[in-house]
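Coordinate analysis (summary)
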Amino acid sequence: VKLSPRSDKLETVQNLPLLTEVVKQSFAQRRKTLRNNLAKLISADELESINIAPRRRAETLTLEEYIVLSNYLSDRDR
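Conventions and cut-offs
- Residues numbered from 1 in each chain as written.
- Predicted model: local features only at pLDDT ≥ 70, side-chain atom pairs only at ≥ 80, totals over all residues.
- Heavy atoms only, no water.
- Buried < 20%, exposed > 50% of the residue type's maximum accessible area, 1.4 Å probe, protein only.
- Helix = DSSP H or I, 4+ residues; strand = E, 2+ residues; numbered from the N terminus.
- Arc of directions from axis to C-beta.
- Contact = heavy atoms within 4.5 Å.

1. Looking at helix α1 (residues 16–26)
- Regarding α1, the residues found buried are Leu-18, Leu-19, Val-22 and Ser-26. Seen from one end, α1 has its buried residues packed into an arc of 100°, which puts them on one side. Seen from the open side of α1, the exposed residues pointing more than 90 degrees away from its buried face are Leu-16, Pro-17 and Lys-24.
- Of the surrounding secondary structure, the elements contacted by the buried residues of α1 are α2 (34–37) and α4 (63–76).

2. What to know about unusual backbone geometry
- Positive phi outside glycine occurs at Arg-31, with the angle close to 70°.
- Of note, Arg-31 is situated in the loop between α1 and α2.
- Backbone geometry at Asn-51 places phi at a positive 65°, although glycine is not the residue there.
- The class of Asn-51 is exposed, set by a relative accessible area of 70%.

Here's what the structure looks like:
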């Protein structure tokens, strides 16, 4: 196994504990959609506004999408 650093730059995480919570909630119930697992944190309309389909499942999101979602929630709650 060979590990190499990423060559592309990821977005900066504004609130690491929030990112952790978003990922944990996304995977809380297997086979559920983001709309269901994240209902307490974000609405389906808000997910669509940041270009994440509410019917997607947690395992289909990229790290970049989780960071965008977390940063959106962090900005929204300020």
